[in-house]
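Residue-level listing of the chains:
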Amino acid sequence: MLVFGIRTVFIAGLMVGRTPVYLGKKIEAFEVKMAMVAVIAPSFTILVFSAIACMTNAGLSSLANKGPHGLSEILYAFASAAANNGSAFAGLNGNTVFYNMMLGLAMLIGRFAIIVPVLAIAGSMVGKKTAPFSAGTFQTDNVMFVALLIAIVIIVGALTFFPALSLGPLVEHLLMLAGRGF
Amino acid sequence: MNMKRKTTKLFDKAIASRALADAFVKLDPRLEVKNPVMFVVFLGAILTSIVVIGELLAGKFVGFNIQIMIWLWLTVLFANFAEAVAEGRGKAQADSLRKMRTKTMARRLVDDREEKVTAAELKIDDMVICEAGDIIPGDGEVIEGIASVDESAITGESAPVIRESGGDRSAVTSGTRVLSDKIIIRITSEAGNTFLDRMIAMVEGARRRKTPNEIALSILLIALTAIFIIVVISLLPFDIYSEKAAGMLAPSALTLPILVSLLVCLAPTTIGGLLSAIGISGMDRMIQRNVLAVSGRAVEAAGDIDVLLLDKTGTITLGNRMATEFIPAASVNVERLADAAQLASLADETPEGRSIVVLAKERFGLRGRDIKELQARFVPFSAQTQMSGVDIPAVDGRPARSIRKGSLESIRKYLAESGATDQASSMDMNVALMIGTDIAMAGGTPLLVVENLELLGIIQLKDVVKGGIKERFEQLRAMGIRTVMITGDNPFTAASIAAEAGVDDFIAQATPETKLQCIREEQAQGRLVAMIGDGTNDAPALAQADVGVAMNSGTQAAREAGNMVDLDSNPTKLIEIVEIGKQLLMTRGALTTFSIANDVAKYFAILPALFSTLYAVAGGVGPLAALNIMKLTSPQSAILSAVIFNALIIIALVPLALRGIKYRPLGANAILIRNLMIYGVGGFIVPFIGIKLIDILIVALKLV
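We now turn to the structure provided with this report. (Residues numbered from 1 in each chain as written. Chains lettered and ligands numbered in written order. Predicted model: local features only at pLDDT ≥ 70, side-chain atom pairs only at ≥ 80, totals over all residues. Heavy atoms only, no water.)

## Some details on the pattern of salt bridges
All names here are of chain B.
Right, so step 1: Applying the stated rule across the entire model yields 22 salt bridges over all chains.
Right, so step 2: Salt-bridge contacts for E131 lead to R107; the nearest nitrogen and oxygen are separated by 3.1 Å. Of the two residues, E131 is situated in strand 3 (residues 127-131) and R107 in strand 1 (residues 105-110); the sequence distance between them amounts to 24 residues.
Right, so step 3: Residue classification places R107 among the buried positions, given a relative accessible area of 15%.
Right, so step 4: Taking the shortest distance from any N to any O, the salt bridge between K602 and D599 comes out at 3.9 Å. Of this pair, K602 and D599 both sit in helix 22 (residues 573-611), 3 residues apart, which is roughly one turn of the helix.
Right, so step 5: Residue K602 is classed as buried on the basis of its relative accessible area, which comes to 1%.
Right, so step 6: Overall, D599 belongs to the buried group, its relative accessible area being 2%. (Salt bridge = Lys/Arg side-chain N within 4 Å of Asp/Glu carboxyl O. Helix = DSSP H or I, 4+ residues; strand = E, 2+ residues; numbered from the N terminus. Buried < 20%, exposed > 50% of the residue type's maximum accessible area, 1.4 Å probe, protein only.)

In structure tokens, the structure reads:
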């Protein structure tokens, strides 16, 4: 959330016509870089690992369900692991060498590829001068910012996962409405 | 060349045709790789071309892939064109500047003899003579004489300016022409490193480096592109899985051109293609306003300014304080005061001094007298004594006269130190203090005149606050910028003018040290400070400030210390500089938002097209066709429309990138809401309409 916050501050801050400032600290190249590492890492893990699972027999053999629901199961397992939750649909047999390895790796990346950059951001921000507040400063403590943050999370999140999800749960839903199952 | 009249049209014919050619030159991979987002598009275009060539060699003619290929190349070219147009405007200026830098001959002085050398041979500390009609061969300082100089080559201002030895108007610039009189110049910079050379390098963008914000934004754009590469690549296995699950036997619908199209549409190409054009045009806008910035970083910093330090004189007020009244002491005849004041001011070449001479002449018919005949010795104004005056020795039976004029403080000190504190004079001094305070409260400046330690009276000087300046300060306040007036005046005068002009704060009786101190204090609190100045004594403060704007009419030291030079020497320019800086950041932010918001519509165009046949019942469309909310004609028309829209939007936004989005002096939240509405919500809606229209058009033209 913090990294999305930094991204929001950066884009919105630019629109106000100032170097973006969050909590009185300037958001510069280093913070943006770290924030983006923390955003890319889980996206990469979820999408690429799911893709590997889809392409390999080891990944596909665990599926109890065919069709779009099978894809949903794989995506869910990796999304959950990357978010350090670690659950999976009942339809997916997670206790195989392949899934134990891949989900474990997803968990590691999902944890440390976020923690480390965020700590790096904190470290860099501590060393910066606090910029005083003025009427020209972009406020980060009002409804406006919250709405913007939600919009960015949804749009950027959606843009990342929409194609994959459309082949999984979305098409499943539409097929179900059409009365077809697998 | 006249910069004032240079093209304000966005698309000058010559520039556009040159930019068109440059757009192809920029296809050089070594140049493309500098812009990672467009480099991805560039690689995509190459990959698609390979596919198309392969098809053609195999004797297959796939019109759809060929069209995709054409539009991908156009996307790259459009982005190159945008950058070339922005650069072209600078290049055109550089060319005309270079023409001016002809092989000027210099008349170098060696041991009082003159010798002719080319300007390129001049070294630092060489002395050269320039007479009426000569072109000044190098940057330097006038060390002898006074001349009127035509600086229109540099500033575009046709009115000649005065350059004289000593004082704050001694700097001359190479390439300018002496119109009258004769001056001796000490060269201060070598050929190749003169102001003119730097100006050419500047407008050509030869030394253009990415600014901090530009780097941060580039990282964001690269990361977004990386995410979309992951999305597109991972989509292929998902699709193969789904097609298998759906029992489709035909090869995947996801051909390489289609995947590339998806990636190009999703990647932030709009902002990626226009980013460098925005930066270059920001610099260009500065130059159009006759401000020369040392770096893009300085332009950007201008947008972040929290505090503006403004010299009162010339910025807030019209500048020249004029004598408006002689107020004699009780026992003194007003003509005697005027006479003494005039004598003391004869050698005083400041506008104030001249106005005293003129006022005495107008009121009492007193003429300027021959200084030599009086054998007068002038006491010039010094920062220590804050006084100036004249000593006239006793000649031909006339008594010796020692006249001093200065501020209340300085004269009181002068009288006290001279021991002239008898009852009468201290009473006069008290009255003078009262009158002086009154004058100061009203925004004027009292100048006391004493002769032979006798207080004669007060000259009232007045300065007029510029019209409309109050409104500008209100705008600045709305922008969140605090204005601080700096003046050497006493606190009363300062307070009165500060109130009249509506500045937030003022510093009275400022010395160069207090200016520097003030800037350091503000910076210590984390604020960014801009300051404007012209004199050598401003140089430390100009160097310390985050944005230091030096006047072109100022001294060489000041011009070296600042990171911008205002060629018009107009102090109010600082406000415009701040606006340009803000505009630059806002344009980038707005186009980034626009670019990201665009993606939503592109998804709704491309995804249903890709998967429309997935899980389809024989003969019908698949369930994901429900996502085709734009009701685009066919999968192919949908993908092509999205790619065409993506390319055309770059061209459509070039004028916006060059001009910058409109800046209004409002608070941060008001600006944010406004820009979000236009570029966020607008960026969300526009592609839906645009893609639909292109779809209708290409179907009507039977392109797919």
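## Quick word on the nonpolar core
Right, so step 1: Counting residues in hydrophobic clusters, the biggest one holds 189 residues, and the most contacted among them are F78 of chain A together with F238, L274, M564 and L610 of chain B.
Right, so step 2: Of the residues forming this core, the biggest block, 20 residues, is contributed by helix 22 of chain B.
Right, so step 3: Setting aside residues no more than four positions away along its own chain, F78 of chain A makes contact with I46, F49, S50, A53, Y99, M102, L103 and A106 of chain A.
Right, so step 4: One finds A338, L346, I356 and A360 of chain B within the second-largest nonpolar core, a separate group that totals 26 residues. (Core = buried A, V, L, I, M, F, W, Y, C linked by side-chain atoms within 4.5 Å. Contact = heavy atoms within 4.5 Å.)

## Observations regarding the sheet that holds strand 20 (residues 529-533) of chain B
Across a sheet, strands are paired by hydrogen bonds formed along the backbone, either parallel or antiparallel in direction.
All names here are of chain B.
Right, so step 1: Read from one edge of the open sheet, 7 strands run 10-22-21-20-11-18-19, paired in mixed fashion. Pairing within the sheet leaves two strands with one partner each, and these edge strands are strand 10 (291-293) and strand 19 (505-507). On average, each strand axis in the sheet is tilted by 20 degrees relative to the strand beside it, whichever way the strands run.
Right, so step 2: Strand direction decides the pairing type here: strand 10 and strand 22 (residues 564-566), joined by 3 bridges, are antiparallel. Residue pairing in the sheet places A293 in a bridge with M564 of strand 22. (Pairing = 2+ DSSP bridges. Axes fitted to C-alpha atoms, helices over the stretch in contact; angles between N-to-C directions.)

## Concerning the packing of helix 1 (residues 2-16) of chain A against helix 6 (residues 143-177) of chain A
The geometry of a pair of packed helices is captured by two quantities: the angle between their axes and the separation between those axes.
Residue and element names in this part refer to chain A.
Right, so step 1: Interhelical geometry of helix 1 versus helix 6 gives an angle of 110 degrees and a closest axis separation of 9 Å. Classified by the interaxial angle, the pair formed by helix 1 and helix 6 is roughly perpendicular. On helix 6, the residues touching F4, G5, R7, T8, V9, I11 and A12 of helix 1 are F145, L148, L149, I152, V153 and V156.
Right, so step 2: Looking at side-chain class alone, the contact of helix 1 with helix 6 contains 10 nonpolar, 2 polar and 1 charged residues. (Parallel < 35°, antiparallel > 145°, perpendicular 65-115°, else oblique. Nonpolar A, V, L, I, M, F, W, Y, C, P; charged D, E, K, R; others polar.)

## As for the environment of A147 of chain A
Right, so step 1: Here A147 of chain A is to be found in helix 6.
Right, so step 2: In sequence terms A147 of chain A and M101 of chain A are 46 residues apart; their C-alpha atoms lie 39 Å from each other.

## Overview of the packing of aromatic side chains
Right, so step 1: Overall, the coordinates contain 10 aromatic pairs over all chains when judged by the stated rule.
Right, so step 2: Residues F604 of chain B and F688 of chain B carry aromatic rings whose centres are separated by 6.3 Å and whose planes lie at 40 degrees to one another, so their mutual orientation is tilted. Of this pair, F604 of chain B sits in helix 22 while F688 of chain B sits in helix 24 (residues 668-700), and the two are 84 residues apart along the sequence.
Right, so step 3: On the basis of relative accessibility, which here comes to 17%, the residue F688 of chain B falls in the buried class.
Right, so step 4: Among the aromatic residues, those joined into a ring-pair cluster are F162 of chain A together with Y603, F604, F684 and F688 of chain B. (Phe/Tyr/Trp six-rings, centres within 6.5 Å; stacked < 30°, edge-to-face > 60°.)

## Observations regarding the pairing of strand 17 (residues 454-462) of chain B
Residues and elements named next belong to chain B.
Right, so step 1: Taking burial as the measure, the 9 residues of strand 17 include 7 buried ones, the bulk of the element.
Right, so step 2: As defined by bridge partners, strand 12 (residues 322-328) adjoins strand 17 across 6 bridges and the pair is classed as antiparallel. Opposite E325, over in strand 17, you have Q460 as the bridge partner.
Right, so step 3: Pairing between strand 16 (residues 444-451) and strand 17: 8 bridges, direction antiparallel. Across the sheet, residue G444 finds its bridge partner in strand 17, namely K462.
Right, so step 4: Where strand 16 hands over to strand 17, the hairpin turn is made up of 2 residues, of which N452 adopts a positive phi near 45 degrees.

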